[in-house]
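Fold and contact review
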Amino acid sequence: MPRTFTRREWLAASAGTALLTGCGQERPIVPSIVSIVRAPAYDQRLYETVRRMLEEHRLEVRGRNVVLKPNLVEFEPESSINTHPLLVHAAFEAFRGMGAASVRIAEGPGHRRNALDLADAAGYFHTVPRFEDVFVDLNLDDVTRVHLARQFSSLGPLHLANTALGADLLVSMPKMKTHHWMGATLSMKNLFGVVPGGIYGWPKNVLHWAGIQECIADLHAVFPRQFAIVDGIVGMEGNGPIQGTPKPVGVLVAGHDPAAVDATGCRIMRIEPLKIEYLRLASGGESHILERNIRQIGESLRAVATPFELIPEFQWLRMEDS
Amino acid sequence: MTIGMLADKQNRDGGWPYVRGSSWIEPTAYAVLALLAAGETERARRGLRWILAIERPDGGWPPRAGIDQSTWVTALVALVPPEELGASAHARAIAWLLGTAGRESTLTFRLREWLLGNAGLSEQEPPGWPWVPDTAAWVGPTSLAVLALEKEYRRRPLPAIGERIDSGRRFLLSRVCQEGGWNYGSVRVLGYACRAYPETTGMALTALRGVRSPATDRGLAVAQRFLGECRSADALNWLRLGLRAHGQLPVGYCHPLEVAERTLSDTSLGLLVAEAEKGRDFLLA
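**Let's talk about the overall build of chain A**
Broken down by element type, chain A carries 13 helices and twelve strands. Over its C-alpha atoms chain A spans a radius of gyration of 18 Å, differing by no more than 12% from the 20 Å that the globule rule assigns to 322 residues. When the backbone C-alpha atoms are referred to their principal axes, chain A occupies close to 55 × 40 × 35 Å. Here chain A holds 322 residues, and the buried ones make up 55% of them. A separation threshold of at least 6 residues defines the contact pool for chain A, and within that pool the share at least 24 residues apart is 74%.

Written out as structure tokens, the structure reads:
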């Protein structure tokens, strides 16, 4: 999706790069725009909030095929485990309103085989009219064998779901959660759902053997046309991504660059993004996810940041000034 | 859905999709079994021709055409009676299952773990089955492999088959959740107990038919609870099979009418379960 930058942004980015590298010989880092928007509750106000947020990012989706990829994990509607259906429907309506030719909702859960039952239990059938007509189970989708563009993991060519591969814009819509293997799970980890369980099983264990962090970075590189909307209205802290505790934050985090969005999500959780291995890999080092190389719009980080509880194994991820 | 409606969903190539579109082995194998149980042999044989056409050179089956790897679905193909599938193809499916185990059971992996100081060479979990080769064993594929081998063992009681059935069952008994029952196969993650799932609890109990132990008793109690709460057709099918395998399906149990069948696998398995409850068990007998 094309996006324009002001001269001031370019100058700021160039100066930041010069400071970072100490020589000014490398290409300037184009700052990624990431918005933090307050959204205090899952209610009807979300529709207007999401519409305005997407307008700010000047997404051009007229005539394009948009695929929304929420995070559906478990049959626990009372918990904060799954992306809330009202947020997904708000994005669905906003993209339709922006002229998208088609908007679909697609997910391939990692543990539970019955994706539609899971979506039903999570409230999607109740919230999204004719949900079955717009939903694609990525675990059972047609597939294409893909040679990974970048290769951090030991994965060979991988079969991926055609609905995700064919999207003009793939919108990753995760929950803001801690994760008991990686520290944090946000928009990039959410792409594990495009790896079809119908081919690789439940769980998608090939990804674990090939290196979880590395596979996240590999998958990120396969999809250049992404947008991310993180559901941080109520996140999950502690022993996430399944057995953690609800954590009300009251924000949405969004942007074109999933690594920058996830780094911002980590900072909101007071987790140091430079210590998250997949973020370092995907951003080609760390410069791209440095706070000074992200152009923050909307609320300030300081205004919304709230420390997420971490299990003992991940206390070392805590931002030092927390 | 009736057997006639299931037959109408057959693709031109002879296979069945999960919902619509391309044929996959899993819904096709269940559909073939359901049609055979109902005496609809012509449609079933068209399905079998498609299944046989995509057999891989190693004697296993991929999940669908165009995938160059044999996987867990080989167990589903092996559930089809040899007289219908063809004796040689069936024997190759059984051989593939006997030659497949979770990566953690391989000597290479155990040697590596020993060299890294993570485990002793003699410490080995009973081998189960993976979803795809070269990955770990899990509850779902292990349960299905045990069912296929058990069916074969009744025809050919070979020690090699009996040993793998036994090891597969011991694998399942080693993966019981703290609360009882089974999930995909992780009992604990970083010291935290993982919860049981209805569908995998039903699958494991089905594979543990005839096994009495405190673990199966706890699993049966969990399955009874799930049977009352769960609204997933897939899960309810497996719970019914699992409870029935232990003579614990409540007398007069009625499948809830409001439960939606989401895939043709749900439909076929539901038809097979209904037949089994009438005394014609084409899935397991």
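**Some details on the overall build of chain B**
A tally of regular secondary structure across chain B gives 13 helices and two strands. The C-alpha radius of gyration computed for chain B amounts to 19 Å, which stays within 12% of the reference 19 Å derived for 285 residues, consistent with globular compactness. By principal-axis analysis of the C-alpha atoms, chain B measures approximately 55 × 45 × 35 Å. Residues classed as buried in chain B amount to 51% of the 285 residues present. Restricting the contact set of chain B to residue pairs at least 6 apart, pairs at least 24 apart contribute 61%.

**What to know about the domain arrangement of chain B**
Size of an interface: often given as the accessible area lost when the parts come together. Residue and element names in this part refer to chain B. Split by domain assignment, chain B resolves into domain 1 (1-97) and domain 2 (101-174). Look at where the C-alpha atoms of domain 1 and domain 2 centre, and you get two points 24 Å apart. For the side of domain 1 that touches domain 2, the secondary-structure elements that each account for two or more residues are helix 4 (73-78) and helix 6 (87-98). With three residues, the top contributor of residues to the side of domain 1 that touches domain 2 is helix 4. Residues belonging to the side of domain 1 that touches domain 2 are distributed by class as follows: seven nonpolar, two polar and no charged.

**Side note on the pairing of strand 2 (residues 65-70) of chain A**
Residue and element names in this part refer to chain A. By the criterion of burial, strand 2 is predominantly enclosed, with five of the six residues buried. As paired strands, strand 2 and strand 7 (residues 169-173) are joined by five bridges and run parallel to one another. Bridged to lysine 69 within strand 7 is serine 172.

**A look at the interface of chain B and chain A**
With 23 residues of chain B at the contact, the number on the chain A side is 22 residues. Taken together, the residues of the side of chain B that touches chain A break down into 15 nonpolar, five polar and three charged.

**So, helix 11 (residues 258-268) of chain A**
Residues and elements named next belong to chain A. In terms of burial, helix 11 is a largely internal element, eleven of the eleven residues being buried. When we look at burial in helix 11, the residues that qualify are Pro258, Ala259, Ala260, Val261, Asp262, Ala263, Thr264, Gly265, Cys266, Arg267 and Ile268. Positive backbone phi, approximately 60°, marks arginine 270, located one or two places after helix 11.

**Some remarks on the nonpolar core**
What tends to happen in soluble globular proteins is that the nonpolar side chains get buried as a cluster. The biggest cluster of nonpolar side chains holds 185 residues, and the ones touching the most others in it are Ala91 of chain A together with Ala29, Leu33 and Val77 of chain B. Per-element accounting of this core gives the leading share, ten residues, to helix 2 (residues 25-37) of chain B. Mapping this core onto the domain boundaries places at least three of its residues in each of domain 1 (1-97) and domain 2 (101-174) of chain B. Excluding its chain neighbours within four sequence positions, the residues that come into contact with valine 77 of chain B are Ile25, Ala29, Ile51, Trp61, Leu85 and Ala93 of chain B.

**Thoughts on helix 2 of chain B**
Within an α-helix, residues lying three or four positions from one another point in the same direction, as the helix has 3.6 residues per turn. Residues and elements named next belong to chain B. The terminal C-alpha atoms of helix 2, which comprises 13 residues, lie 18 Å apart, in line with the 18 Å expected from a rise of 1.5 Å per residue. Most of helix 2 is tucked away, with 13 of its 13 residues classed as buried. Looking at the residues trailing helix 2, positive phi occurs at glycine 39, about 80°.

**Topic: the environment of glycine 166 of chain A**
Residue and element names in this part refer to chain A. In this structure, glycine 166 sits in the loop between helix 7 (162-165) and strand 7. Overall, the presence of 13 C-beta atoms within 10 Å leaves glycine 166 in the partly exposed class. In the structure, glycine 166 is positioned 104 residues away from arginine 270 in sequence and 35 Å away in space, judged by C-alpha atoms.

**Digging into the packing of helix 10 (residues 198-207) of chain B against helix 12 (residues 233-245) of chain B**
A pair of packed helices can be characterised by two numbers: the angle between their axes and the separation between those axes. All names here are of chain B. Two numbers describe how helix 10 lies on helix 12: the axes approach to 7 Å, and their chain directions differ by 30°. Judged on the interaxial angle alone, helix 12 and helix 10 are roughly parallel. Helix 10 and helix 12 meet at a crossing whose hand is left-handed. Here helix 10 contributes Pro198, Glu199, Thr201, Gly202, Met203, Leu205 and Thr206 to the contact with helix 12, which in turn contributes Asp234, Ala235, Trp238, Leu239, Leu241, Gly242, Leu243 and Ala245. Looking at the contact of helix 10 with helix 12 residue by residue, the class counts come to nine nonpolar, four polar and two charged.

**Side note on the packing of helix 2 (residues 45-56) of chain A against helix 3 (residues 85-97) of chain A**
All names here are of chain A. It is at 9 Å that the axes of helix 2 and helix 3 come closest, and there the two elements cross at 50°. As the angle between them shows, helix 2 and helix 3 are arranged oblique. The element helix 2 and its partner helix 3 pack so that their crossing is right-handed. For the pair formed by helix 2 and helix 3, the contact residues are Leu46, Tyr47, Val50, Arg51 and Leu54 on the first element and Leu86, Leu87, Ala90, Ala91, Glu93, Ala94 and Gly97 on the second. Split by residue class, the contact of helix 2 with helix 3 holds nine nonpolar, one polar and two charged.

**Focus on the environment of arginine 110 of chain B**
Residue position: arginine 110 of chain B is located in helix 7 (residues 107-115). Counting along the chain gives 59 residues from arginine 110 of chain B to arginine 169 of chain B, while the straight-line C-alpha distance between them is 21 Å.

**Focus on the pairing of strand 3 (residues 102-107) of chain A**
All names here are of chain A. The pairing of strand 2 with strand 3 spans four bridges and is parallel. Its bridge partner being in strand 3, valine 67 is matched across the sheet by arginine 104. Bridging between strand 3 and strand 4 (residues 135-137) involves three bridges; their strand directions are parallel. By the bridge assignment for strand 4, alanine 106 is matched with valine 136.

**Digging into the confidence of the model for chain B**
With 99% of its residues at a pLDDT of 70 or more, chain B has an overall mean of 94. This prediction of the complex comes with two scores: 0.93 for pTM and 0.94 for ipTM.

**Quick look at unusual backbone geometry**
Residue and element names in this part refer to chain A. Cis rather than trans, the peptide bond between tryptophan 202 and proline 203 has omega equal to 5°. Summarising the element assignment, proline 203 is placed in the loop between helix 8 (197-200) and helix 9 (205-209). Cis peptide bonds are those with omega within 30 degrees of zero, and the linkage from glycine 240 to proline 241 qualifies with 10°. Position of proline 241 relative to the elements: it lies in the loop between strand 10 (226-237) and strand 11 (245-255). Residues other than glycine seldom take positive phi values, yet arginine 270 does so here, at roughly 60°. Residue placement: arginine 270 occurs in the loop between helix 11 and helix 12 (277-282). Owing to 18 C-beta atoms within 10 Å, arginine 270 belongs among the partly exposed residues under this scheme.

Criteria and cut-off values
In this convention, every chain numbers its residues from 1, walking through the sequence in written order. For this description, chains carry letters from A and ligands carry numbers from 1, given in the order in which they are written. Local features in a predicted model are, by the rule used here, given only for residues with pLDDT of at least 70; side-chain atom pairs are given and counted only at 80 or more, and totals for whole chains, interfaces and linings are based on all residues. Runs of E in the DSSP output that reach at least two residues are strands. Runs of H or I that reach at least four are helices, and both are numbered from the N terminus. When we talk radius of gyration, it's over C-alpha atoms, and the globule rule is simply 2.2 Å times the number of residues to the 0.38. Think of it as a crowd count around each C-beta: if 20 or more other C-beta atoms lie within 10 Å the residue is buried, if 12 or fewer it is exposed, and in between it is partly exposed, with C-beta placed from the backbone throughout. Remark: residues whose backbone-derived C-beta atoms lie within 7 Å of one another are considered to be in contact. Domain delimitation follows an automatic or database domain assignment. The nonpolar class holds Ala, Val, Leu, Ile, Met, Phe, Trp, Tyr, Cys and Pro. Asp, Glu, Lys and Arg form the charged class, and all remaining residues, Gly among them, are polar. Two strands qualify as a pair provided that DSSP identifies no fewer than 2 bridges between them. The nonpolar core is taken to be a set of buried Ala, Val, Leu, Ile, Met, Phe, Trp, Tyr and Cys residues joined by way of C-beta atoms within 7 Å. Given a helix with a known number of residues, its expected span is that number minus one, times 1.5 Å. Convention adopted: a line fitted to C-alpha atoms gives each axis, helices being fitted over their contacting stretch, and angles between N-to-C directions are expressed from 0 to 180 degrees. Every angle not falling under 35 degrees, over 145, or within 65 to 115 is termed oblique; those three ranges are roughly parallel, roughly antiparallel and roughly perpendicular. For any helix crossing, the convention is left-handed if the near helix is rotated counterclockwise from the far helix by under a right angle, and right-handed if that rotation is clockwise. Confidence of the predictor at the level of single residues is given by pLDDT, which spans 0 to 100.

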